[in-house]
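Chain residues, written in single-letter form:
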Amino acid sequence: MSSVLACDRLTVRYGGKTAVDRVTLDVPAGRMVGVIGANGAGKSTLINALAGWSRGRPEVEGEVVLGGEPVSGLSAYRRAHRGLLLVPEGKGIFGGLTVEENMALVRTPADTRDRHAFGEDEIFALFPRLRERLHHKGTALSGGERQMLAISCALRAAPRVLLLDEPSVGLAPRLVLELLKRMRQLVDLGLSILLVEQNVRAALSVVDDVYLLERGTVVAHGPAEEMREDKRVVEAYLGRSDIEIAEPGSPHP
Amino acid sequence: MILVQQFINGLVLGSGYALIALGWTVLLGAARLVNFAHGQLYMLGAFVAWFVMEQAGVPYFVSIPVSVLAVALLGAFMQASMTRLVMEQNLTSLMIVTLGFGYMLTGGAAILFGGAPQTLDSPLQGMAVRTGGVWFTLQDVLILACALVLFAAVWLVLNRTRIGAMVRAIAEDPKLAQLFGINAPLVYLGIFVFEAATVALAATLVAPRTPILTSMGFEEVILTFMIVVLGGIGSVGGSLAAGFGLGMFTAFFGTFVSPAYTTAAAFGFVLVLLSVRPKGLARR
Amino acid sequence: MKDRRERSFRAARAALPFATLALLFFVPEIAGGGSIVYSTCVTIAIFAVMAYGADAILSYLGEVSLGHTIFWAGGGYAAALLSTRLAWDGWLTALAAVVVGVSLAAILGLATLRTREFVFSLVTYAAAIVAFEIVFNWQFLGGSDGVVGIPLLTLTSPVGDFTGGSNEELWPVAYALLALSILFIHRFRRSRLGQEALMAQMNPDLAMGLGVNIQKVRLMVFVLSAVPTALAGWLYAFQRAYVGPDMFEAYFLVFMLTAIILPGRRVLFGPVLGTAIVIVQQTFFSIGGDGDKIILGTLLVLVLIVWPSGLIGAFRFALRRLHR
Ligand SMILES: Nc1ncnc2c1ncn2[C@@H]1O[C@H](COP(=O)(O)OP(=O)(O)OP(=O)(O)O)[C@@H](O)[C@H]1O
Ligand SMILES: [Mg+2]
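Overview of the structure. Values in this document were obtained by computation on a predicted structure and should not be read as measured data.

Time to look at the interface of chain A and chain B. Contact with chain A, which involves 26 residues of that partner, is made by 18 residues of chain B. Roughly 2,000 Å² of surface becomes buried between chain A and chain B when both sides are summed, with 56% attributable to carbon and sulfur atoms. Among the residues chain A hides against chain B, the three largest losses belong to Y77, F94 and L105 of chain A. Together they make up 33% of the total. Summed over the shared surface of chain A and chain B, the number is five salt bridges. In this structure, the salt-bridge partner of K91 of chain A is D173 of chain B, at a minimum N-O distance of 3.4 Å. The tally of links between chain A and chain B comes to 14 residue pairs in polar contact (both at pLDDT 80 or more). Mapped by element, the contributors of at least two residues to the side of chain A that touches chain B are α2 (76-81), β6 (84-87) and α3 (99-105) of chain A. Grouping the amino acids of the side of chain A that touches chain B by side-chain chemistry returns 14 nonpolar, seven polar and five charged.

Written as structure tokens, this is what we have:
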């Protein structure tokens, strides 16, 4: 199985503090891979480093390979051009721009061999609400609508692999699974997704592979069915009552 | 009659002010950048045009694009050297750096062009229209026309095109813009070059009305600042209106009260306004 | 045992600024005396004091005040007008300079109370240019000619009277002013106000949560910062025996910023060091007025772009490298 995105011993430090420690990870083509872990485990730091992006000023070491080519030296916008698209944690759209303008910001690349750029119709089929909101400013959208818009923008850019950092934050528990299922449908159509999710039970029901992150290192990794049985995962995430698990993690700045 | 004449003067002054402020409006409002060398770029715009007319003997209308190009290049150089500060949105350092650039330009221009006052000769400045007791020059007409056309164009680009959306996106969140595949440093470069180019253009159009000195530029920064604040920081239409308002005020206050204290009076007004509304007249 | 050594080391460290300060007094003599040395040293002291005012704003509030030339000129004009027209002596004119500086700062501070960042800088900048225009046009203040014929600085005291004719005679006064300014900044850094200002700059939300009244802190710091700058202007008037609208020139503004930034922000002796470097260059290695402008502007730009923590930052960096 060919890998679309992989990293080898990726290390990220903030100042002297190591937030991600020698993480090796692989997203096979056409698969959905989940990253789970407690608050502050380094999930966002990892996924941001894969995209070459950060709100802070981290030092990143280690190789990131996209479709067989190293992209470690490239800045975030170049990685986006090559099909590595990140929907970051929290604010992922421009509040001062309308839904239409947000989507028009993304330019569909000319060369889309082995990539699929989602057209407007496909996006509206996926998120019908956005069509009604086309001329509203980003600030006027609900939290869920913002997530949908952010994902839509990424899809328009013809992703090879889509990196989603807690797309379910702010969504009603019932909608979380719905959103993740729709993402799963995209994977079944050929997209590859790396998903960071606090909502472990929901995540485990849609992903193929899972990485469990603790204090910046991968402590367990395997197919979702196996990981559902893994002692650490069960103890930390699945052992408690449903309500607690359905509660989305607090949004991080 | 004097009222009509002052109205015309105000209109012309105002369109000149608005032109000078246009680049900054975009820079400050859309990209949240400041450029304290703005006034010195104005000075340079006028002097480069004067220099090529004097030295190479090119006609006025050829000197305009030469000057715009030269100052735009300088702007590109300035912005390129500040890219890191811009991406970090380190406004404090940026202000000081541009102030330093302005000071370098003052010194450099004095060495290059000498300290004597000069005049930038436009053929249109000598062509006056007199009707019904009022008069104005064709240069005045040119300034007014350019102001209106440029403001309309900038408004359209900012609000109706993808480039405009990109500029507004960058202003809101340059980091996030990268995830949308936007090369933020390049867009910043474009905005800065635009600012430099428009202020140079404004200089070549407005400067023929008065003698030029390499020490000038401060007045222009203050005018620009007042216009940007009065117009609501970043609002293109607001800046045009504020430009005209300030022009009218200068014309009438200068004629009927005191020409020496017009800037002071206008500034007093802006100061009071700012203590009430620290973000200017903008609604947002 | 270790504790005691630690403590004496700390005490030595705490005493270091005072020792340095005391040493500064002898700098002109060590440099060989002579009228050019004394005039350079007096100028450095005056300009450094001027810069310390702006330093309080830039280093501790994190804002760029471009209006400090107003307080500088305010102090100078107070000294000039009152000594020529009312024959006030040094003490009274100094007091007047402080009053003028503080009043102007209070007005400008209140007007900019709610402004931040570039709006704050622009308003202070505009205020300085407008103040220049008023001074330039107002005959009562001497208009474009300024005020000439300022008498020698006289300070009467029970111990004896002092008259500052030459720069050598002015040096003790200039030094005293510099020492006071440095002690002032030293105290300010440790004071509650200084701490609150720093907190308001670094983390306004936290500061507010801890009950700091940010607007009040900003206003207080702004008003206080006018005192050294106005007193510098006061002495400058007596040193030159003349004041004019040129005190508003951008030169002083760029100078203050360079003097603070070149050595590195938040360094107690930074502004003196920065001032000394620039003044020595302009006095002994000048390449002409316009060339010096280019040098000054370039210094400012280069430091901020290449090494924002300044010379002292670079020095500390090098030390750390050596230690490893
Ligand atoms: N910009 C930053 N500067 C300094 N440290 C940071 C920064 N961002 C994150 N960290 C630190 O890195 C570690 C990992 O943070 P990260 O945001 O990656 O966690 P996370 O797993 O995404 O948590 P959450 O589930 O709450 O989103 C944390 O200890 C955090 O404090
Ligand atoms: Mg996170």
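Glancing now at the interface of chain B and chain C. With 41 residues of chain B at the interface, the matching set in chain C holds 40 residues. At the boundary of chain B with chain C, total buried surface from both sides reaches about 3,800 Å², with 77% on carbon and sulfur atoms. Taken together, the links from chain B to chain C amount to zero salt bridges. At the junction of chain B with chain C, the criterion picks out two residue pairs in polar contact (both at pLDDT 80 or more). Broken down by secondary-structure element, the contributors of at least two residues to the side of chain B that touches chain C are α1 (2-31), α3 (60-87), α4 (91-113), α9 (218-230) and α11 (262-276) of chain B. Residue contributions to the side of chain B that touches chain C peak at 16 residues, all from α4 of chain B. Considering only residue class, the side of chain B that touches chain C consists of 29 nonpolar, nine polar and three charged.

In this section: the coordination of the magnesium ion (ligand 2). Residues and elements named next belong to chain A. At this site the magnesium ion (ligand 2) is bound by S44 (OG), E89 (OE) and E89 (OE), with donor distances of 1.9 to 2.7 Å. With S44 in helix α1 (residues 43-51) and E89 in the loop between β6 and α3, this pair connects stretches of sequence that are 45 residues apart. Just as S44 is buried, E89 falls in that class too.

This part takes up the environment of V161 of chain A. Within the secondary structure, V161 of chain A is located in strand β7 (residues 161-165). Residues in contact with V161 of chain A, not counting those within four places in the same chain, are V4, L5, V27, L66, G83, L84, L85, S192 and L194 of chain A.

Residue and element names in this part refer to chain C. Applying the stated criterion to the full structure yields 31 aromatic pairs over all chains. Between W72 and Y236, the aromatic rings sit 4.7 Å apart at their centres with planes inclined by 35°, giving tilted as the arrangement. On the criterion of sequence distance, the pair formed by W72 in helix α4 (residues 68-85) and Y236 in helix α10 (residues 214-240) is long-range, its members being 164 residues apart. Summarising the burial analysis for this pair, W72 and Y236 share the class buried.

Moving on, we come to the side chain of E133 of chain C. Mapped onto the elements of the fold, E133 of chain C is located in helix α6 (residues 117-137). Although buried, E133 of chain C forms no salt bridge, and the nearest oppositely charged side chain, R209 of chain B, lies 16 Å from it.

So, on to the environment of V130 of chain C. For V130 of chain C, the location among the structural elements is in helix α6. A relative accessible area of 5% means that V130 of chain C is categorised as buried.

Turning next to a nonpolar patch on the surface. Residue and element names in this part refer to chain B. Among the surface-exposed residues, I2, L3, V4, F256 and V257 lie close enough to one another that they form a single nonpolar patch of about 480 Å² accessible area. Broken down by element, the nonpolar patch gets its largest block of residues, three residues, from α1. Secondary-structure assignment places I2 in helix α1.

Attention now moves to the arrangement of the chains. The top pair by number of contacts, from a total of two pairs of chains in contact, is chains B and C. Note that chain A does not reach chain C: the shortest distance linking a C-alpha of one to a C-alpha of the other is 14 Å.

Rules and cut-offs
Residues numbered from 1 in each chain as written. Chains lettered and ligands numbered in written order. Predicted model: local features only at pLDDT ≥ 70, side-chain atom pairs only at ≥ 80, totals over all residues. Heavy atoms only, no water. Contact = heavy atoms within 4.5 Å. Buried area = accessible area lost by both parts, 1.4 Å probe. Salt bridge = Lys/Arg side-chain N within 4 Å of Asp/Glu carboxyl O. Polar contact = N/O pair within 3.5 Å; in protein donor to acceptor, adjacent residues only side chain to side chain. Helix = DSSP H or I, 4+ residues; strand = E, 2+ residues; numbered from the N terminus. Nonpolar A, V, L, I, M, F, W, Y, C, P; charged D, E, K, R; others polar. Donors = N, O, S within 2.8 Å, 3.2 Å for Na, K, Ca; no water. Buried < 20%, exposed > 50% of the residue type's maximum accessible area, 1.4 Å probe, protein only. Phe/Tyr/Trp six-rings, centres within 6.5 Å; stacked < 30°, edge-to-face > 60°. Lys, Arg positive; Asp, Glu negative; His and termini not counted. Patch = residues over 30% accessible without salt bridge, like charges linked within 9 Å, V, L, I, M, F, W, Y side chains within 5 Å. Areas by Shrake-Rupley, 256 points an atom, 1.4 Å probe, with all protein chains shown as cover.

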